[in-house]
Amino acid sequence: MPTFGLFFTAILFVLALLWLKGMYNRWREDWGELRNPETDIIPRLVIIGMWLLTALIAFYAISVLLMIAIGIATGLRSIL
């Protein structure tokens with residue numbers, strides 16, 4: 001039975017996917033900015049911080065996908 005916690009997890013998962021899509025679309029621009037020797041330190045730190053946050057969000061999205069896969073596998077196993 002769906003609960004509020006499951007609904008909240010689903011919303012966070014969708015937001016994580018949107019974040020990952022947005023960051024994936026800008027990775028070349030960020031890489032060029034980091035490689036440019038004229039870029040100040042603050043923009044570099046912000047870009048690095050955003051990619052570290054993206055890594056955490058990707059870890060969350062992968063863990064939710066694994067949770068779904070394990071739930072499906074457990075359900076199928078109980079049917080058989």
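Preceding this section is the structure that the text describes.
Presented here is a report on the structure given in the accompanying data block. These numbers come from a predicted model, not from an experiment. (Residues numbered from 1 in each chain as written. Predicted model: local features only at pLDDT ≥ 70, side-chain atom pairs only at ≥ 80, totals over all residues. Heavy atoms only, no water.)

Quick look at the pattern of salt bridges now. The final tally for this structure, using the stated rule, is one salt bridge. D30 serves as the salt-bridge partner of R26, at 2.8 Å between the closest nitrogen and oxygen. You can call R26 partly exposed: its relative accessible area is 27%. Here D30 falls in the buried class, since its relative accessible area comes to 3%. (Salt bridge = Lys/Arg side-chain N within 4 Å of Asp/Glu carboxyl O. Buried < 20%, exposed > 50% of the residue type's maximum accessible area, 1.4 Å probe, protein only.)

The next thing to look at is the nonpolar core. As a rule of thumb, soluble globular proteins bury nonpolar side chains together. Formed by F13, A16, I57, A61 and V64, the largest nonpolar core amounts to five residues. Those elements giving two or more residues to this core turn out to be α1 (4–25) and α3 (41–79). Sorting elements by how many residues they give to this core places α3 first, with three residues. Discounting chain neighbours no more than four positions away, the residues touching I57 are A16, W19 and L20. (Core = buried A, V, L, I, M, F, W, Y, C linked by side-chain atoms within 4.5 Å. Helix = DSSP H or I, 4+ residues; strand = E, 2+ residues; numbered from the N terminus. Contact = heavy atoms within 4.5 Å.)

Scope: geometric values only; no functional claims are made or implied.
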